[in-house]
Amino acid sequence: MSLPSAALGPGVVEGVISEVWLFPCRCHALGADTCFSVWKLLLAWEEDGKLISGFHLSGTVTEPATATEPEMTYKVAISFDRCKITSVTCGCGNKDIFYCAHVVALSLYRIRKPDQVKLRLPISETLFQMNRDQLQKFVQYLITAHHTEVLPTAQKLADEILSSNSEINQVHGAPDPTAGASIDDENCWHLDEEQVREQVKLFLSQGGYYGSGKQLNSMFAKVREMLRMRDSNGARMLTLITEQFMADPRLSLWRQQGTGITEKCRQLWDELGALWVCVVLNPHCKLEEKSCWLRQLRKWGEMDVCPLEDGNYGNELPNITNALTQSSSHSQDSLARPRRTVFTRAIEGCDLHWQDSHLQRIISSDFYVSPAYQREGESLLFNSQGQPLWLEHVPTACARVDALRSHGYPREALRLTVAIINTLRLQQQRQLEIYKHQKKELLQRGATTITNLEGWVGHPLNPIGCLFLTLTEACRLEEENCLEISDTGDTKPPVYQHVPVTTGSQDSGESYLSLALEVALMGMGQQRVMPEGLYAQDKVCRNEEQIIARLQDLELDPVLVQTLRKQCILLLEGGPFSGLGEVIHRESVPMHTFAKYLFSALLPHDADLAYKLALRAMRLPVLETTAPSGDVTHPHHLVSVVPSRYPRWFTLGHLESQQCELASTMLTAAKGDMLRLRTVLEAIQKNIHSSSLIFKLAQDAFKIATPADSNSDTTLLNVALELGLQVMRMTLSTLNWRRREMVRWLVTCATEVGVRALVSILQSWYSLFTPTEATSIVAATVMSHNTILRLSLDYPQREELASCARTLALQCAMKDPQNCALSALTLCEKDHIAFETAYQIVIDAASTGMTYTQLFTIARYMEHRGYPLRAFKLASLAMTHLNLAYNQDTHPAINDVLWACALSHSLGKNELAAIIPLVVKSVHCATVLSDILRRCTMTAPGLAGIPGRRNSGKLMSTDKAPLRQLLDATISAYINTTHSRLTHISPRHYGEFIEFLSKARETFLLAQDGHIQFAQFIDNLKQIYKGKKKLMLLVRERFG
């Protein structure tokens, strides 16, 4: 074949340009830089070197020099066949699955400027026209031009041609790379299979780092684009990708360790499975292709390492062909598969076909309606308006839509989508009628069952997202200059317009955009049971957020608002079939995230409906107090924990936070409306069971109620206070690391509300705070100077607060004297009676529940406040609780003991005489006793100057009471300590021991016969411990 004019001539430009551009520029993997490079190359193209020889395009591409790179020239060669590029080579050495910028630039240049590219016959045709001399000259010139490269090959070929028995002479003719393929040969776009394998393997080995997840998603997008262009390489490329996924060494490792696949990797597997469903549902694929795919999918699915559809939970979902008339002969047992992998739905999809005549008519025509005489009564094929229905398992029907979209049949996909939505509408209508007959019974029972075996949101086939995208794509406004790429790379939100639904019914007045909104609301509002397993539950949340994000791109005009209101009313009245119905199952997926969107969207147009819907959605039945029948073990008030019954709600924390977000949104919107705020508050108190979330709501309400630039909103402030009080009650008897912050915040909030709020929390402290919190934080903050100034209180108000604070302080001191006595004394300082009462509480508690540390602290406080005698009494009581052993010379209570003795000494001889017996009894450490003794002998007692007392002003003698008793105790302590230390002494402590004996001698010498006693003591040591020769030698050297 020699058809050079058909090579890349003007007649095939339309069929090639989009495909050429598709490979490098419509895939996210290349990005804006490569696309810009292509345009630069086109603008800076040289005039020479572009040639088409038969079906082979060659050229030289020059990249202009940049600030950092010199000018570079690359030789490019492209082979093509029937509007497809079948192979490429480029001197840049590109190692990517997408065409490099040079290949794309050469192709586009040929398309844009065909007159500037020389056309030549295939080289075989040219050679055929030459005579012998011309052929010889041609070969010799070719060898001369490339002698170093082709001479060995030329010589080898010459030898074979001259040999009559060579293989080359057994074949007629010779190959021609420029001649193209035979008309019967397969032709497909160039795909470097080895490079695809290497790229996927590399991305998987990076484990989600370095943008590998994004790169793999780009490859999936590439497959979808290839399917849309009906390029046979789509399935080939997906097969190559899947093979590398199945060879991922992490699969066996995860299986051995019993750990789940990482979330990013799991999402990639989901997309892989969904793509295979699209591939096998190709409406025009050949039976042998489908059989080949089925064998391959089964082979992968049977491998031990093949990921399951929903983690460890995948055996209770219905078969993809369930509810199909063409599969109705299957028994229920055959529908249950014991092991569902990510490929199971694609395997099941291989059983589906497109031969159903009703289905064919639906997708083939916009005007397929039932005959007028058949529109009366029930029909499985048409609704009462004559519009066609498609009764099929909804996710399966939506998979058909996705397949039609993916394989380049957008009109057909739209027609089937409309039929599915009409079916869903009819089902919704019938469900409403059923509910009306059961309503009274269900409301009395207060519970319901869930009829949906599968939820549509979070489903592996993403049915709702598929229908929504199909409809909105038909309404999307394409901006001009769409090939131009933004410098910033930012993607603008899509812009939609209403496109009337093309239908056989007259004046439907509907648009594809309103249908998109309607079907999204129907799917999101479906009551569905929470799936089992962490990944499946997380997928529900993620899919819900994705759909809502797309809904938020819609600009709600009057038509869409009407659709929104109508569907919201149907959801509220939908009974057990709606997640927003009056009665729902205990394990129904909560509607908080969905309701938050609906509330915000409805609020400007129908506030009553918005609040009604959002308030109903506030419930979280899985945490409610109603236990299953016969189960009486559940307490009436459940705390916010994961229920112990199976299955577990792994995403409960996220669901509760979404519940909180919904409540916060309503609080913000209801600012200034007392009735609505009260209603929202009641819903919060009834439905939210987490103290930290209620505290967050209280903080949110406080922040909204107290803007920096305007007056406070009293109503919302009171809501914040009430929520704060609920938090205090909830956390009073439970551990919460934020409790101190919560208490401080409540006082701040009550202060903002006013003096009556402060009085109220002071009077009811026992139900809100611990005694310690009430005295050290609440009462102390209320009585602070800052609070008085903030509220601008007059004298009666200050006295009322002070009286309440003192009453609180005394009550707390009675309940918890150990921790509250000091705070109570501080708060009661300005009221004599209250102060005396607090002091008596301390005295009464001193002998039973208070420690010496607490008593010493209060005693020092008393001294600081000018009550030395009371301080002495408390110090004496503290001494009775103390026991200081002989070796505790660094005990933290030593300073308190020294302070107590100094206080007693300063008060007079009588107080010193009273405390010394307590010291002797409690303190057995020789160094501490000698320190006390030394201090008592340095100054005369009674220097404090207590009124009404006379002091002699003379120093006290150690030979007389009370110091004689202290001296004897100190000497005895030194003797006992010495023997104790010598029992286990080591040579490295000998020097320290000698210094200890030196201090002991100083104390001995305070007695009249002290030198005799010390000498006898040393002699006894020498006799008893004569075995410690080195130590006794040191003793003799120092003490004789």
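In every chain, residue numbers begin from 1 and rise along the written sequence. The predicted origin of the model limits local features to residues at a pLDDT of at least 70 and limits the giving and counting of side-chain atom pairs to 80 or more, whereas totals for whole chains, interfaces and linings rest on all residues. Calculation of side-chain values draws on the structure's entire complement of heavy atoms; hydrogens and water are dropped beforehand.

A. A look at the pattern of salt bridges. The term salt bridge refers to a pairing of a side-chain nitrogen on Lys or Arg with a carboxyl oxygen on Asp or Glu at a separation within 4 Å. One pass over the full model with this rule turns up 42 salt bridges. A salt bridge links Asp 270 to Lys 539; the nearest nitrogen and oxygen atoms lie 3.1 Å apart. Pair noted here: Asp 270 is in helix H11 (residues 263–280) and Lys 539 is in helix H20 (residues 534–551), with a separation of 269 residues, a long-range link. Neither residue differs from the other here; Asp 270 and Lys 539 are each classed as buried. Measuring nitrogen to oxygen at the nearest pair gives 3.3 Å for the salt bridge that ties Arg 1038 to Glu 995. Separated by 43 residues along the polypeptide, Arg 1038 in helix H43 (residues 1029–1039) and Glu 995 in helix H41 (residues 990–1004) bring together distant segments of the chain. In this structure, a network of salt bridges that share partners links the residues Arg 224, Glu 271, Asp 402, Arg 405 and Glu 473. Think of it this way: any DSSP run of H or I at least four residues long counts as a helix, any run of E at least two long counts as a strand, and we number them from the N terminus. Relative accessibility thresholds used throughout: buried, under 20% of the residue-type maximum; exposed, over 50%; partly exposed, between the two (1.4 Å probe, protein chains only).

B. Molecular detail of a nonpolar patch on the surface. Here, patches come from residues exposed beyond 30% relative accessible area and free of salt bridges, joined within 9 Å for like charges and within 5 Å for nonpolar side chains (Val, Leu, Ile, Met, Phe, Trp, Tyr). We get accessible surface area from the Shrake-Rupley algorithm with a probe of 1.4 Å; when it comes to residues, only the shown protein chains can shield them. Together, Ile 123, Phe 138, Val 139 and Leu 142 give the surface a local cluster of nonpolar side chains, amounting to about 300 Å² of exposed area. Among the elements that make up the nonpolar patch, the one with the highest residue count is helix H5 (residues 132–145) (3 residues). With respect to the helices and strands, Val 139 occurs in helix H5.

C. Geometry of the environment of Leu 602. Locating Leu 602 in the fold gives a position in helix H22 (residues 592–602). For the pair Leu 602 and Cys 568, spaced 34 residues apart in sequence, the C-alpha separation works out to 9.2 Å. Beyond its immediate chain neighbours, meaning those up to four positions away, Leu 602 contacts Leu 564, Arg 565, Cys 568, Ala 607, Leu 609 and Ala 610. Note on definitions: a residue-residue contact is assigned when non-hydrogen atoms from the two residues lie within 4.5 Å.

D. Quick look at the packing of helix H17 (residues 410–445) against helix H19 (residues 512–524). The interhelical angle for the contact between H17 and H19, taken along N-to-C directions, is 50°, at an axis separation of 11 Å. The angle between H17 and H19 places the two elements in the oblique class. In the packing of H17 onto H19, the handedness of the crossing is left-handed. From H17, Arg 411, Leu 414, Val 418, Ile 421, Leu 424, Arg 425 and Gln 428 reach across to H19, where they touch Tyr 512, Leu 515, Glu 518, Val 519 and Met 522. Three categories are distinguished: nonpolar for Ala, Val, Leu, Ile, Met, Phe, Trp, Tyr, Cys and Pro, charged for Asp, Glu, Lys and Arg, and polar for the others, with Gly belonging to the last. Here the residues of the contact of H17 with H19 sort into 8 nonpolar, 1 polar and 3 charged. Inter-axis angles, ranging from 0 to 180 degrees, are taken between N-to-C directions of lines fitted to C-alpha atoms, where helices are fitted over the stretch in contact. In these notes the angle categories are as follows: under 35 degrees is roughly parallel, over 145 is roughly antiparallel, 65 to 115 is roughly perpendicular, and the rest is oblique. Crossing chirality is assigned from the near helix's rotation relative to the far helix, an anticlockwise turn below a right angle marking it left-handed and a clockwise turn marking it right-handed.

E. Focus on the pairing of strand E3 (residues 72–81). Among the 10 residues of E3, 7 are classified as buried, and the element is accordingly described as predominantly covered. Judged from the 8 bridges that link them, strand E2 (residues 56–63) and E3 form a sheet pairing that is antiparallel. Residue pairing across strands places Glu 63 opposite Met 72, the latter belonging to E3. Examined bridge by bridge, E3 and strand E4 (residues 84–90) share 6 bridges and lie antiparallel to one another. Only strands joined by at least two bridges in the DSSP assignment are considered to pair.

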